Amino acid sequence: MNRKYYLKHFSRCFCLLSIASAFGYFSGASLFEDSRFVTLILLSTLMYPFSRYLITSTACTVTGPAFWKKSFFTKGDVSGISALFMFTCLAFAIPLGVCYLACASWRRGGASTP
């Protein structure tokens, strides 16, 4: 994953969660009074690109890239598959993002044992 990929998907997630958060806040939802919920939203937003990359690369490794180029997955938002995929990545953003960062750190030799 490079910086361009991260910024592209971070900005998409940030915009969508900002709109959803603003809608929830102005509709009077009491969720935003809890600092844990706000922290969860911010961490999920930061970790979303890592989660998306990990899920995409794993899926391409298991099924092959030709499977993901079929018309069912390339239609866009007509079938709702991209919204479902984004929600899945967002739901698993924190655990998968931490796994991705740990693996990347381990590959680079950042985690040394005492």
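For the structure given in this document, a descriptive report is provided here. Owing to the predicted nature of the structure, the values given are computational and were not obtained by experimental measurement. Here the residue numbering is sequential within each chain, running from 1 through the sequence in written order. In view of the model being predicted, local features appear only for residues whose pLDDT reaches at least 70, and side-chain atom pairs are presented and counted only at 80 or more, with totals across whole chains, interfaces and linings using the full set of residues. Water and hydrogen atoms were dropped before computing side-chain values, which therefore reflect all heavy atoms in the structure.

### Section: the layout of surface pockets
Consideration 1: For cavity detection a 1 Å grid was placed over the protein atoms alone, and a set of points counts as a cavity when a 1.4 Å probe fits there but cannot get out; an open set counts as a pocket when protein lies on both sides within 12 Å along at least five of seven lines, with lining residues being those that have an atom within 4 Å of a point. Grid points are joined across faces, edges and corners, and a volume is the space filled by probe spheres set on the points. The volume enclosed by the second largest pocket comes to roughly 160 Å³.
Consideration 2: A run of H or I in DSSP counts as a helix once it spans at least four residues, and a run of E counts as a strand once it spans at least two, with each numbered from the N terminus. Within the residue set of the lining of the second largest pocket, elements represented by two or more residues are α1 (3-26) and α6 (93-107).
Consideration 3: At four residues, the largest contribution of residues to the lining of the second largest pocket is made by α6.
Consideration 4: Three classes are used: nonpolar for Ala, Val, Leu, Ile, Met, Phe, Trp, Tyr, Cys and Pro, charged for Asp, Glu, Lys and Arg, and polar for all others, with Gly counted as polar. In terms of residue class, the lining of the second largest pocket is built from six nonpolar, two polar and two charged.

### A short note on the state of the cysteines
Consideration 1: Only a pair of cysteine sulfur atoms within 2.5 Å qualifies as a disulfide here. Using the criterion set out here, one finds zero disulfides in the structure.
Consideration 2: We note that Cys15 lacks a disulfide partner, and the nearest cysteine sulfur, in Cys13, lies 9.4 Å from it.
Consideration 3: Exposure classes here rest on a 1.4 Å probe applied to the protein chains alone. A residue is buried below 20% of its type maximum, exposed above 50%, and partly exposed in between. With a relative accessible area of 45%, Cys15 lands in the partly exposed category.
Consideration 4: The closest cysteine sulfur to the non-disulfide-bonded Cys89 is located on Cys13, 9.5 Å from its own sulfur.
Consideration 5: Looking at Cys89, the relative accessible area reads 0%, which means it is buried.

Any functional reading would require information beyond the geometric quantities listed.
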